[in-house]
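A structural walkthrough
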Amino acid sequence: MTTPRKIGVLVAIPIKGRKLANRSKGKQSPYVQLSLSNQKKRTKASLIASVEPEWDQEVRLDVFQGALDMGVSVFDEGKKNELIGEGTLLLHEVIDKGELDGKSSFSPTNSRGLGLGFGIEVGF
């Protein structure tokens, strides 16, 4: 069995969430977890405890040949890491063009609980 070849480093900057689900019906401390291949990395919890959190934190993930989908999950750190919402970001455009700027319109495919929008910048 061969090991997939590393083709680069993905730089993702989760910016903010808009109208995220409020699973706890109270204040929440949301953070973003990005997963690609067998890697999982996260941001710090937002200082804005609401359904409109802001992160603006850089996360770097190695990209291996054949890795085309990045998991995007938002958890509530204050509620024992309860899942708020999740989705998938397709990386075809990022790999082809070198970047994807979705600050105002990005919405992961197959998203659940991520509300009306989720701002993220991604570069390769």
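Everything here concerns the structure above.
How each quantity is defined
Residues numbered from 1 in each chain as written. Predicted model: local features only at pLDDT ≥ 70, side-chain atom pairs only at ≥ 80, totals over all residues. Heavy atoms only, no water. Phe/Tyr/Trp six-rings, centres within 6.5 Å; stacked < 30°, edge-to-face > 60°. Helix = DSSP H or I, 4+ residues; strand = E, 2+ residues; numbered from the N terminus. Buried < 20%, exposed > 50% of the residue type's maximum accessible area, 1.4 Å probe, protein only. Lys NZ or Arg CZ within 6 Å of the ring centre and 35° of its normal. Salt bridge = Lys/Arg side-chain N within 4 Å of Asp/Glu carboxyl O.

**Some words on the packing of aromatic side chains**
For the structure on display, the rule yields one aromatic pair. Ring centres of Tyr 31 and Phe 75 lie 5.6 Å apart, and the angle between their planes is 25 degrees; this geometry places the pair in the stacked category. Placement of the pair is Tyr 31 in strand β2 (residues 30–36) and Phe 75 in strand β5 (residues 69–76), with a sequence separation of 44 residues. As far as burial versus exposure is concerned, Tyr 31 and Phe 75 are alike and both buried. Note that Arg 42 overlies the ring of Tyr 31, its terminal NZ or CZ placed 3.6 Å from the centroid.

**Side note on the pattern of salt bridges**
Side-chain pairs of opposite charge can arise whenever the charged atoms involved come near each other. The full count for this structure, using the stated rule, is three salt bridges. Here Lys 6 ties to Asp 62 by a salt bridge, and the two come within 3.1 Å at their closest N and O atoms. Residue Lys 6 is found in strand β1 (residues 6–18), and its partner Asp 62 is found in strand β4 (residues 59–64); the two are separated by 56 residues along the sequence. Taking relative accessible area as the criterion, Lys 6 reaches 44% and is therefore assigned partly exposed.

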